[in-house]
Amino acid sequence: MTNEQLKALKDRLALLKGYLNVEQRSFQLEDLTQQSLNPNFWDDSKAAEVIMKQVQSHKSWIGQYQKVAERVDELEILQEFLREGEGTEEELDARYAETVDILDDAEFRATLNRPEDELGCILQINAGAGGTEANDWAEMLLRMFTMYAEKHAGFQVSVANRNEGDVAGIKSATIEIIGDFAYGMLKGENGVHRLVRISPFNAQGKRQTSFASVFVHPRVDDTIEVEINPADLSWDTFRASGAGGQHVNKTESAVRVTHAPTGIIVECQEERSQHQNRERAMNMLRSRIYELELQKQQAEKDEIEANKTANEWGSQIRSYVLDDRRVKDHRTGWQTSQTDAVLDGDLEGFLKAYLRWSGEAK
């Protein structure tokens, strides 16, 4: 590690400190912590939960900065030891490489700086035109996102709604992903995903192209107030669909709710009782309405609606070409030949590339 490299690290660290507003966050954290020590703090549990969530958020961001700052200080000390004949250049270079990796990760996470980025998410998949091929592709995407969330990110995943395909796969599915920054990490997956492969459903072994659309919404929690007038809601009940046989629901436990002012429709059929499905559907509806409100407050174009383009040629955000062993994101240019790993949930490269690309585009 050279003096120039150490100086470059310090310059990046100073930029990170300013970008994260570390000093302001420290003052806010002290103030919020003092509020939490009030004996009557938990009298209003919802207000208290909001404050405690802010406390955790400030601690997390400050902690990320401090972790990098400590490593940079350690590097400077190791460099001084080396000048005095203690330690080795190999050890210093190894610690420098580790510090660069930690700083890279902190800079990346600093792109998740909107309040909604810290929330969980609701992820919806719809098969495009194409029957069994498209339905199978939609289920492959469902498996990919589930494996990413559980295996690679450590999030909790639960199915809220699943509509089976006539022969194989799914027509649509909705899953809830619970975990810090789940929405921030996955929000770039909105759009059409294109699959090209030798079809397992075609006896002639022809190359087939299939499409499926993915929509990601922030998942609201109890600390977020979303007012919904019951008079604006209309409810329908129906029997939950299933794979057949003993899995078919004999009662009308599945629900569909329509919110008249926005036109949002939510279905839920995975819970055992109608009451549970209604409660879950309302939570999902609150999330969708919250997302619309965020867009109004921020005066930004509706990103998700802009991505709800036709499931056809020219509209895809990413292509998965299996026989060429290539997955490419058409927005960022990021690509990999590890198609099996991607379909097993290894999406980190694509997610980070999108966040960096979207940050530069602003």
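By the naming in an unreviewed UniProt entry, the chain goes by Peptide chain release factor 2 and is assigned to Neolewinella lacunae. Of the chain, the UniProt comment under Sequence similarities (unreviewed entry) reads exactly: "Belongs to the prokaryotic/mitochondrial release factor family." UniProt, in the comment section headed Function (unreviewed entry), describes the chain in these words: "Peptide chain release factor 2 directs the termination of translation in response to the peptide chain termination codons UGA and UAA."

Caption draft 1: The arrangement of the overall build of the chain in detail. Counting its regular elements, the chain contains 10 helices and 11 strands. Taking all 362 residues of the chain together, the buried fraction comes to 43%. If you take every contact in the chain between residues at least 6 apart in sequence, the share linking residues at least 24 apart comes to 65%.

Caption draft 2: Layout of the pattern of salt bridges. Inspection of the entire model under this criterion finds 28 salt bridges. A salt bridge links lysine 7 to aspartate 11, with the nearest nitrogen and oxygen atoms 3.0 Å apart. Of the two residues, lysine 7 and aspartate 11 both sit in helix 1 (residues 3-19), four residues apart, roughly one turn of that helix. Ionic pairing is found between aspartate 324 and arginine 207, a salt bridge with its closest N-O pair at 3.3 Å. With aspartate 324 in the loop between strand 9 (316-321) and strand 10 (326-329) and arginine 207 in strand 5 (residues 207-219), the pair connects residues that are 117 residues apart, well separated along the chain. Exposure remark for aspartate 324: the relative accessible area of 44% places this residue in the partly exposed category. By relative accessible area, arginine 207 is classed as partly exposed at 46%. Residues joined in a network through salt bridges with shared partners are Arg71, Glu74, Arg95 and Glu98.

Caption draft 3: Focus on helix 2 (residues 22-36). Compared with an ideal rise of 1.5 Å per residue, which puts 15 residues at 21 Å, helix 2 spans 21 Å between its outermost C-alpha atoms and is within 8% of the ideal. Within the sequence span of helix 2, burial applies to Val22, Arg25, Leu29 and Leu32. Burial along helix 2 is one-sided: seen end-on, the buried residues are contained in an arc of 85°. Exposed residues on helix 2 whose side chains face more than 90 degrees from its buried face are Glu23, Phe27, Glu30 and Gln34. Those residues of helix 2 hidden inside the fold are in contact with helix 1 and helix 3 (45-83).

Caption draft 4: Region of the structure containing the environment of glycine 263. By the secondary structure assignment, glycine 263 is in the loop between strand 7 (254-259) and strand 8 (264-268). Remark: the alpha-carbon pair of glycine 263 and leucine 233, spanning 30 residues in sequence, is separated by 9.9 Å.

Caption draft 5: The arrangement of the pairing of strand 8 in detail. Burial along strand 8 is one-sided: the residues Ile264, Val266 and Cys268 are buried and none of Ile265 and Glu267 is. Sheet topology note: the strand 7/strand 8 ladder contains five bridges and is antiparallel. Within strand 8, the position partnered with threonine 258 by the bridge is isoleucine 265. Where strand 7 folds back onto strand 8 in an antiparallel hairpin, the turn is made up of four residues, including glycine 263, whose phi is positive at roughly 80°.

Caption draft 6: Molecular detail of the sheet that holds strand 9. As summarised here, the arrangement of the eight strands in space is 2-3-1-5-4-9-10-11, forming an open sheet in which the pairing is mixed. Of all the strands in the sheet, just strand 2 (156-164) and strand 11 (335-336) have a single pairing partner and so form its edges. Running over the sheet, helix 5 (residues 132-152) touches strand 1 (120-127), strand 2, strand 3 (170-178), strand 4 (191-198), strand 5 and strand 9 and is turned about 45° from strand 5.

Caption draft 7: Spotlight on the sheet that holds strand 7. With antiparallel pairing, the three strands of this open sheet are ordered in space as 6-7-8. Each of the sheet's edge strands pairs with one partner strand only, and the pair in question is strand 6 (233-238) and strand 8. Shown here is a sheet whose adjacent strand axes are inclined to one another by a mean of 15°, direction ignored.

Definitions and limits used
- Residues numbered from 1 in each chain as written.
- Predicted model: local features only at pLDDT ≥ 70, side-chain atom pairs only at ≥ 80, totals over all residues.
- Heavy atoms only, no water.
- UniProt positions renumbered as here; feature names shortened; annotations may be inferred.
- Helix = DSSP H or I, 4+ residues; strand = E, 2+ residues; numbered from the N terminus.
- Buried < 20%, exposed > 50% of the residue type's maximum accessible area, 1.4 Å probe, protein only.
- Contact = heavy atoms within 4.5 Å.
- Salt bridge = Lys/Arg side-chain N within 4 Å of Asp/Glu carboxyl O.
- Expected span 1.5 Å × (residues − 1).
- Arc of directions from axis to C-beta.
- Pairing = 2+ DSSP bridges.
- Axes fitted to C-alpha atoms, helices over the stretch in contact; angles between N-to-C directions.

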